[in-house]
Amino acid sequence: MILTRLRLLGFKSFVEPTDFVIEPGLTGVVGPNGCGKSNLVEALRWVMGENSYKSMRASSMDDVIFSGSNTRPARNNAEVAILIDNKERSAPAQFNDTDQLEIARRIERESGSAYRINGKEVRARDVQIVFADASTGARSPALVHQGRIGEIIQAKPEQRRRVLEEAAGVSGLHARRHEAELR
Ligand code: ATP
Ligand code: MG
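Computed from a predicted model, the values in this text were never measured in an experiment. (Residues numbered from 1 in each chain as written. Chains lettered and ligands numbered in written order. Predicted model: local features only at pLDDT ≥ 70, side-chain atom pairs only at ≥ 80, totals over all residues.)

Concerning the nonpolar core
To keep things clear, this is the line we draw: Put simply, a nonpolar core is buried Ala, Val, Leu, Ile, Met, Phe, Trp, Tyr and Cys residues tied into one set by C-beta atoms within 7 Å. Any residue with 12 or fewer other C-beta atoms within 10 Å of its own C-beta is exposed, any with 20 or more is buried, and the rest are partly exposed; the C-beta atoms used are placed from the backbone. Secondary structure is summarised from DSSP: a helix means a run of H or I of at least four residues, a strand means a run of E of at least two, and numbering begins at the N terminus for each. Placing C-beta atoms from the backbone, we regard two residues as in contact once those atoms come within 7 Å.
Counting 27 residues, the largest nonpolar core has Ala-43, Val-47, Val-64 and Ile-103 as the members making the most contacts within it. Of all the secondary-structure elements, those providing two or more residues to this core are α1 (37-47), β3 (77-85), β4 (100-108) and α2 (124-133). By residue number, the principal contributor to this core is α2, which donates 5 residues. Excluding its chain neighbours within four sequence positions, the residues that come into contact with Ala-43 are Leu-6, Leu-8, Phe-11 and Val-80.

Remarks on the sheet that holds β3
In a beta sheet, neighbouring strands are held together by backbone hydrogen bonds and run either parallel or antiparallel to one another. Let me state the cut-off plainly: Between any two strands, pairing holds if DSSP finds at least two bridges. For helices, the fitted line uses only the C-alpha atoms of the stretch in contact; every axis is such a line through C-alpha atoms, and the angle between N-to-C directions lies from 0 to 180 degrees.
The antiparallel open sheet is built from 6 strands, whose spatial order is β2-β1-β3-β4-β5-β6. Lying at the two open borders of the sheet, with one neighbouring strand each, are β2 (18-21) and β6 (120-122). Geometrically, the sheet is characterised by an average inter-axis angle of 20° between neighbouring strands, direction not taken into account. Bridge count between strand β1 (residues 2-9) and β3: 7 bridges; the pairing is antiparallel. Of the residues in β3, the one forming a bridge with Leu-3 is Ile-84. The strands that α1 touches are β1, β3 and β4; relative to β3, the one it contacts most, it runs at about 80°. Sitting on the sheet, α2 touches β4, β5 (112-117) and β6, and the angle it makes with β5 is about 50°.

Focus on the UniProt feature "binding site: ATP" (unreviewed entry) in the chain
The test is simple: UniProt positions are given in the numbering used here, feature names are shortened, and annotations may be inferred rather than shown by experiment.
Per the UniProt record, "binding site: ATP" (unreviewed entry) is annotated on Pro-32, Asn-33, Gly-34, Cys-35, Gly-36, Lys-37, Ser-38 and Asn-39. The topology assignment puts Asn-33 in the loop between β2 and α1. Relative to the helices and strands, Gly-36 is located in the loop between β2 and α1. Not counting residues within four places of it along the chain, the set of residues in contact with Gly-36 comprises Lys-12, Ser-13 and Phe-14.

Examining the site of ligand 1
Just so we agree on the cut-off: A molecule or strand has a residue near it when that residue's C-beta atom, placed from backbone coordinates, lies within 6 Å of it. Classes in brief: Ala, Val, Leu, Ile, Met, Phe, Trp, Tyr, Cys and Pro nonpolar; Asp, Glu, Lys and Arg charged; the others, Gly included, polar.
Taken together, the neighbourhood of ligand 1 is formed by 14 residues, with Asn-33, Lys-37, Ser-38, Asn-39 and Ser-67 sitting nearest. Here the shell around ligand 1 is built from residues that sort into 3 nonpolar, 8 polar and 3 charged.

Some words on the pairing of β4
When β3 meets β4, the two strands line up antiparallel, connected through 9 bridges. Bridging across to β4, Glu-79 finds its partner in Arg-106. Taken together, the 6 bridges between β4 and β5 define a ladder with antiparallel strand orientation. What sits directly across from Glu-108, in β5, is Gly-112.

Brief notes about the environment of Thr-18
Within the element layout of this structure, Thr-18 appears in strand β2. On the basis of neighbour count, Thr-18 is assigned to the partly exposed category, with 17 C-beta atoms found within 10 Å. C-alpha of Thr-18 to C-alpha of Gln-100: the two residues are 82 residues apart in sequence and 20 Å apart in space. When neighbours within four sequence positions are excluded, Thr-18 is seen to be in contact with Arg-7 and Leu-8.

Looking at α2
Among the 10 residues that make up α2, 7 are buried, leaving the element largely enclosed by the rest of the structure. Looking only at α2, the buried set comprises Val-127, Gln-128, Ile-129, Val-130, Phe-131, Ala-132 and Asp-133. Its buried side turned inward, α2 meets β4, β5, β6 and α5 (171-182). Following α2 by one or two positions, Ser-135 adopts a phi angle in the positive range, close to 55°.

Written out as C-alpha cells, the structure is:
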C-alpha cells in the first residue's frame with residue numbers, strides 16, 4: 001500500500017492545516033523533543049481506525065483535538081486524511097474504478113468521529129478492512145511502537161499467531177469473516 005499524502009487539521013499539536021507529501025522511498029521524520037513526531041504516527045493510526053484513546057496517549061478521544069496554547073484557543077474538531085495510491089488496484093474491489101483513495105476521519109468535540117472514503121461516509125469497519133486487506137493498519141505489526149518487540153517475544157501463542165497471520169496476508173479475510181458472522 002502506497003501512502004502519498006497525510007493531511008492534518010487540529011489534530012493534537014497540528015493546529016494549522018498541515019499537508020505532508022510522502023515521496024517514494026524511505027521517509028524519516030526528525031525534530032527536537034516535543035515537536036510532534038509521535039503525534040504524526042498517532043494521526044496515521046487514528047485515520048486507519050484506531051479506537052483506543054489510551055494508545056494515543058489520551059484520556060478520552062476528544063484529547064486528540066488541539067487543546068489550545070498560550071496564544072491560541074482550543075479547537076472543537078480535528079481531521080486527518082490520507083491519500084492512498086490505488087493505481088495497482090490494491091484496495092478492495094469496490095474501489096476498482098478509482099486510482100486514488102482518500103480516507104478521512106473527523107472528530108467533533110463531544111460527538112464522536114466519522115469516516116469518509118472518497119467523500120462518502122463509511123463505517124470504521126470499512127476503513128479497517130481496506131488496511132487489513134493490505135496487511136497493514138492501526139494495530140498491525142507494520143507499525144512498531146516502543147516495547148512492541150518485547151511484547152511479541154512474551155506473547156501467548158494465540159497473539160503471536162495474529163502476527164503471523166498478518167504477515168501471511170490473511171487478516172483481511174478474518175475481518176470479513178467476522179463481519180459475515182455478525183450478519
Ligand atoms: P519526542 O522526541 O520526545 O518523542 P515528539 O516529537 O514525539 O517528541 P510528540 O509526543 O509527538 O513529540 O508531541 C508532544 C507535544 O504535543 C507536546 O508538546 C504536547 O503538549 C502536544 N500535544 C499533545 N496533544 C495535544 C493536544 N490535544 N493539543 C495541543 N497540543 C498537544
Ligand atoms: Mg515521540
